[in-house]
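Coordinates in review
The lines below spell out each chain.
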4 protein chains.
Amino acid sequence: MFFASDNTSGAPPEIMAALLNANEGYDRSYGNDRLMADVTARIRHIFEAPEAAIYLVATGTVANALAIATLTPPWGAVFCHRHAHIEMDECGAPEFYSAGAKLVLVDGPHGKMTPDALAQTLATTGASGVHGVQRGMLSITNVTEAGTVYTPAEIASLTKRAKAHNLPCHLDGARFANALVTLGCTPAEMTWKSGIDAVSFGGTKNGLLGVEAVIFFDPAHAWEFELRRKRAGHLFSKHRFLSAQMAAYLENDLWLTLATRANAMGQRLGQGIAALNSAALTHPTQANMVFANWERGGHARLQSAGAIYYDLRPQPDGRETARMVASWSTTEADVDQFLTALRG
Amino acid sequence: MFFASDNTSGAPPEIMAALLNANEGYDRSYGNDRLMADVTARIRHIFEAPEAAIYLVATGTVANALAIATLTPPWGAVFCHRHAHIEMDECGAPEFYSAGAKLVLVDGPHGKMTPDALAQTLATTGASGVHGVQRGMLSITNVTEAGTVYTPAEIASLTKRAKAHNLPCHLDGARFANALVTLGCTPAEMTWKSGIDAVSFGGTKNGLLGVEAVIFFDPAHAWEFELRRKRAGHLFSKHRFLSAQMAAYLENDLWLTLATRANAMGQRLGQGIAALNSAALTHPTQANMVFANWERGGHARLQSAGAIYYDLRPQPDGRETARMVASWSTTEADVDQFLTALRG
Amino acid sequence: MFFASDNTSGAPPEIMAALLNANEGYDRSYGNDRLMADVTARIRHIFEAPEAAIYLVATGTVANALAIATLTPPWGAVFCHRHAHIEMDECGAPEFYSAGAKLVLVDGPHGKMTPDALAQTLATTGASGVHGVQRGMLSITNVTEAGTVYTPAEIASLTKRAKAHNLPCHLDGARFANALVTLGCTPAEMTWKSGIDAVSFGGTKNGLLGVEAVIFFDPAHAWEFELRRKRAGHLFSKHRFLSAQMAAYLENDLWLTLATRANAMGQRLGQGIAALNSAALTHPTQANMVFANWERGGHARLQSAGAIYYDLRPQPDGRETARMVASWSTTEADVDQFLTALRG
Amino acid sequence: MFFASDNTSGAPPEIMAALLNANEGYDRSYGNDRLMADVTARIRHIFEAPEAAIYLVATGTVANALAIATLTPPWGAVFCHRHAHIEMDECGAPEFYSAGAKLVLVDGPHGKMTPDALAQTLATTGASGVHGVQRGMLSITNVTEAGTVYTPAEIASLTKRAKAHNLPCHLDGARFANALVTLGCTPAEMTWKSGIDAVSFGGTKNGLLGVEAVIFFDPAHAWEFELRRKRAGHLFSKHRFLSAQMAAYLENDLWLTLATRANAMGQRLGQGIAALNSAALTHPTQANMVFANWERGGHARLQSAGAIYYDLRPQPDGRETARMVASWSTTEADVDQFLTALRG
């Protein structure tokens, strides 16, 4: 019953097999490996973006931080949700990589910025000439930190506000596949057709050992990104091992299969909790993350049953709150065992 | 005949087996995995350093850059050889990570700083009070960029100069194992017993997919390093895959076996070239790297035979120059085939 | 009728005379001038801080940013009021100088953080280990951006919360003298006796051409600050001209005389506005800054009468809002003329 | 006998008078003062550059560092002479402001890069793709750190090499006026007609209290520069006091008059030393700086006579070496007294 995060899972056999294959013989280093050309072609095809510049890195934090540093100058404001991963969970990586850009926080329920809140924040930031930071860029997370999913229309309504100020728009897709499976739309619809200029296309949380792609739909950013990546020590010499993972991830829609499984387990868990009298969801379960609270005593029963998940701070009224994340390797038995323990 | 770099090789079967093993089941993320405790214990034992703080990252560039940023303030001078990897091949990563420290270059033949050159540079840097950068730290590379190896006594004679100014001393050990095998000394003798405070302990060039350890003999640097690593996006969520590689690398002296093989092939190649009338070594071959020049025509013959290596800029007299690197997977046949082609 | 800011005023004759005096003959450069020793002694005496390290710079922005960079590492959170100058009006200078520290915003009415709001923000920042930024420091502004004044007891109740986490505390005293005159306390009471570790001691808004002192009560920060100042290009070669201004500012309590005048004019203006039926103060007038709103039409009358001040965004109900700042050179006639025009 | 530096002098009466004038009444802050328009017009006229963007800052270090940060990305190499002020005397300000650009040092006698040395350094830097820093920009100093003066033809022959790689070219003109007086050419000839894109146009060493102009011949850099200046805390609120100095400096060719005087005194001193049997010039005296060595005993005589200058490290043969700088306020008596003391 491992629900702490989708990153406590390992990798599916297809990925391990790809690593073993890639290990045969010699290959060129630093991204010039044979498999990378395949990865580029696949991602361009999947995103209907034949010109896109595509790079691999090993962590979601650096995918976001390098994309942000490429899209905004140091004096730019990065508009994001108050609970965005880039604000809460990256130890200031965006500020570090951008040489001090300021994250300006936008409100909205269930982890989603509202267009009005964004418009208002845009209006009051960067309006004092040289004295304040300038409007820099927008960064949206999908799946959000609250486990909810922006629709393409919702994304478009945010990017439209940003583009009224000529701002580039970034999508933190650490759980891109999970969002896509929920939406049933195309990658293009969820990104550039909705105004997104750059994507952190996550693989690690959905079954890779550690690979994320950064996608720029406008290849004008390519060389700058390459230099930033190298300078950050994020260009792998044996890059073929990143390429191999990503190539296998995309082959035969493995990425979608994995996310479908994770989302199904998230739904099963969310519905199971919602059906309990003693428990309630605190955010709608729209992908593979479940946020809930329950009567006092739930933590004790779950933990003695061996459940692992995030024990969040209790509510003022004493109810216990928690975050559970399902992954590609979560089983129905895991979920049912969790529900049995919680029910008591 | 792949002699471009030791990073064009893959990984030996022991490493791949360790990855497969580590993939079983769930594990805690972000460095809290079960294998990391084992790695820490092993490295402390090997280095006879029971207090050392030890961290894993995925590239040599970031191992160096994070170590440097931890050891020197932004206004510090980093003394290193004119041809050091940190100066030549990291696209300014030390400057980036340290927020602008200045690399001050020290001369010396065959990739090795001389104590006199270091002493002179130390004397003239940081002597003008607040107006110039301050003396910050020393960084030594072993194996050097010229394929030579500093002895512990040579290291000590450099660190002694630095410590006269209270400077911390870093060792870039991207090819640590190759140097150690050449020297036949202990890791402690090559490092802290010779005045080294922090080590980039390379694994990638010697058979890992992408893992380097950073070792601080003084654990006071530990928490700062952890924050810098996270902030740089270099803390892996599925960290167990780094731990697994490093654990297997150290088990049964695999790391030394691999380096012994690479060095032997380097020696075979170096001696073979030196024995040719038409060719000469430009640096002594002391580990797995061979630098040579030869009469015009060598490149053409080698390349038509399929040899891959670095074609350096020709000498003024027209002789061709080259760099060849042997790895753990280089075979005697590879070397002999190279020599045959070169001989013509 | 110049009420746009206290920095639209010039300097009083004592300051200009001091500049002329300082211009005689030669003097040592870069802070080694004769007058600087005098400045240091005076400030130590005034602050009852015989060990304090004291430096001069030319702008308030850099006084704050250098103090912050000296007190917090790049991964530190700087706790400050949502409307603090360092957040709103310095174009990200704190982020630039600190290499990316994050300003974490604290709420509270009339420009003043409440201890509860600070305690809550402290509790939720830096509580996730390596994943989030760490608690770094506190920065308080006095006079606040809303023209209100923290009492020593209020300052102490904030610094107490910060010091429970071992955080250093900075006071942005761009209008230090104005606050002090309001409070009638000693500089020591307003600073180190209330838990403040470093002060931006402003002079420019209160009559200097451009000089602020940075004061560290713990001189351990001295050398780092000197290096940061030089590296930032803020060490003046002809430093004597800064020293001369500050020395004259402190002589015969000129600084307090100037602030008393400015505050009296602020009070006169605030009281005059409060007495109008058509107008109201939006923040209490506690020093030399007045925030007010009034019925539509006030702006037009004032501007046609030649009044210069900040025309802020109108209230939802259409009332006009404004900020007026009195300076040492504001006259009673200026104030009365303003009130006459506003009254209509 | 103050020959330590031209920045140990004060300001001529015209400058002090201008400050007093500028102090009358109120003026707009942050560079929007009335005098700044005048300064812009004057400098555009003097440089025959009607489109140039012009900004004032208070120190030469920041003029250089901000110009460099505006012209090169963090991964750019800044080519400069080995003894350039930006390398030796700014405590790493260029690295700080540029977020870690690397200064790459070029050799040449008497403080002047030779075109061949520059060409060779250009050829070997930035030639390894993403692995090394990229070619960024050229920075030339005139008057050089050795007191010599580049002719426009010499400048052009350097900028031509840089422009072959599309690099922008910066001139550090801390002693711009002294160079110009020596050359007898126009400011345009010394700058944009010779391939210079941006100039640090110094005033402080030539008689101002602390003002330098930064000039970009291509105004496309203007807004970025303004943001960088503000973010660095180098935008003065009472900017009129900078404008006033610069306006007076340019009026009636005061700047040229002052430099002419300083150069004449430099020449007198240089010729006087050269005429001594016991002394010799170590660099040609081409402006207001004199470098010399002399027999042992000179220092003792000079210092007991009250002469103040830089006592450099003695030569291997024991001869004493020194740097003397004349300023606008140096008198013939100062020079002759110095020569008398040296002669013994």
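Residue numbers here run from 1 along each chain, matching the order of that chain's written sequence. To label them, take the chains in the order written and letter them from A, then take the ligands in the order written and number them from 1. Confidence filtering applies because this is a predicted model: local features only for residues at pLDDT of at least 70, side-chain atom pairs given and counted only at 80 or more, and all residues used for totals across whole chains, interfaces and linings. For side-chain calculations, the full set of non-hydrogen atoms in the structure is used, while hydrogens and water are omitted.

Accessible area lost when the parts come together is the quantity often used to give the size of an interface. Working rule for contacts: check all heavy atoms of both residues, and any pair within 4.5 Å makes them a contact. Opposite the 49 residues of chain B that make contact, chain A presents 49 residues. Note on definitions: buried area is the accessible-area loss of two parts on being combined, 1.4 Å probe, summed for both. Buried area between chain B and chain A, both sides added, is near 4,000 Å², and the carbon and sulfur share of it is 57%. Looking at the side of chain B facing chain A, the largest losses of area belong to Tyr26(B), Arg231(B) and Lys238(B), adding up to 21% of the total buried there. Salt bridges are identified by distance alone: a Lys or Arg side-chain nitrogen within 4 Å of an Asp or Glu carboxyl oxygen. Where chain B meets chain A, there are 0 salt bridges. For the purposes of these results, a polar contact is taken to be a pair of N or O atoms within 3.5 Å, where, inside protein, one atom must be able to donate a hydrogen and its partner to accept one; residues adjacent in sequence count only when each atom of the pair is a side-chain atom. In this structure, the connection of chain B to chain A is made through 36 residue pairs in polar contact (both at pLDDT 80 or more). Looking at which element gives the most residues to the side of chain B that touches chain A, the answer is helix H5 (residues 93–97) of chain B, with 4 residues. Going along the chain from the N terminus, every DSSP run of H or I of four or more residues is numbered as a helix, and every run of E of two or more is numbered as a strand.

Before going further, it helps to examine the relation of the copies chain B and chain A. Structural alignment of chain B on chain A gives an RMSD of 0.0 Å, achieved by rotating through 180 degrees and translating 0.0 Å along the axis. Considering both components of the superposition, the chain copies are consistent with a two-fold axis. When you check the interface residues of chain B against chain A, 100% turn up at the interface there too, and the contact is symmetric in its surfaces. All copies are superposed by least squares; the fitting set is the C-alpha atoms of residues with a pLDDT of at least 70 in both.

Here we take up the domain arrangement of chain A. All names here are of chain A. When the domains of chain A are assigned, the result is domain 1 (12–254) and domain 2 (255–343). Placing the centre of domain 1 and that of domain 2 at their C-alpha centroids yields a distance of 28 Å. Taken together, the contacts link 25 residues of domain 1 with 18 residues of domain 2. Buried area between domain 1 and domain 2, both sides added, is near 1,900 Å², and the carbon and sulfur share of it is 61%. On the surface where domain 1 and domain 2 come into contact, there are 0 salt bridges. Run the count over domain 1 and domain 2 and you get 15 residue pairs in polar contact (both at pLDDT 80 or more). Elements supplying a minimum of two residues to the side of domain 1 that touches domain 2: helix H8 (176–183) and helix H11 (240–250). A total of 6 residues in the side of domain 1 that touches domain 2 trace back to one element, the largest contributor, which is H8. Tallied by class, the residues present in the side of domain 1 that touches domain 2 amount to 14 nonpolar, 8 polar and 3 charged. The domain limits used here are those given by an automatic or database domain assignment. Here the nonpolar group is Ala, Val, Leu, Ile, Met, Phe, Trp, Tyr, Cys and Pro; Asp, Glu, Lys and Arg are the charged ones; every other residue, Gly included, is treated as polar.

Once chain C is rotated about the relating axis by 180 degrees and shifted along it by 0.0 Å, it coincides with chain D to within an RMSD of 0.0 Å. Taken together, the interface assignments show that 100% of the residues at the interface of chain C recur at the interface of chain D, consistent with an identical surface on both copies.

Bringing the sheet that holds strand S7 (residues 212–216) of chain A into the picture now. Residues and elements named next belong to chain A. Read across the sheet, 7 strands follow the order S1-S7-S6-S5-S4-S2-S3 without closing on themselves; strand pairing throughout is mixed. Of all the strands in the sheet, just strand S1 (53–57) and strand S3 (102–106) have a single pairing partner and so form its edges. Taking each pair of neighbouring strands and ignoring which way they run, the sheet shows an average axis angle of 20 degrees. In this analysis, strands are considered paired if DSSP registers two or more bridges between them. In terms of strand pairing, S1 meets S7 through 5 bridges, oriented antiparallel. Following the sheet pairing, isoleucine 54 is matched in S7 by isoleucine 215. Helix axes are fitted only over the stretch in contact, all axes being lines through C-alpha atoms; the angle between N-to-C directions runs from 0 to 180 degrees. Of the strands in this sheet, S1 and S7 touch helix H10 (residues 222–231), which is tilted by about 10 degrees from S1.

With that settled, the discussion passes to the pairing of strand S4 (residues 134–141) of chain C. Residue and element names in this part refer to chain C. With respect to burial, S4 is a largely interior element, 7 of its 8 residues being buried. In this structure, strand S2 (residues 76–81) lies alongside S4, joined through 4 bridges in parallel fashion. Its bridge partner lying in S4, glycine 76 is registered against glutamine 134. Where S4 and strand S5 (residues 169–173) come together, 4 bridges link them in parallel fashion. Residue pairing across strands places isoleucine 140 opposite leucine 171, the latter belonging to S5. A clockwise path from the first strand over the helix to the second, with the strands pointing away from the viewer, defines a right-handed crossover. Once you follow S4 into helix H7 (residues 152–163) and on to S5, the crossover reads as right-handed. To sort residues, take the accessible area from a 1.4 Å probe on protein chains only and compare it with the maximum for the residue type: under 20% means buried, over 50% means exposed, and anything in between is partly exposed.

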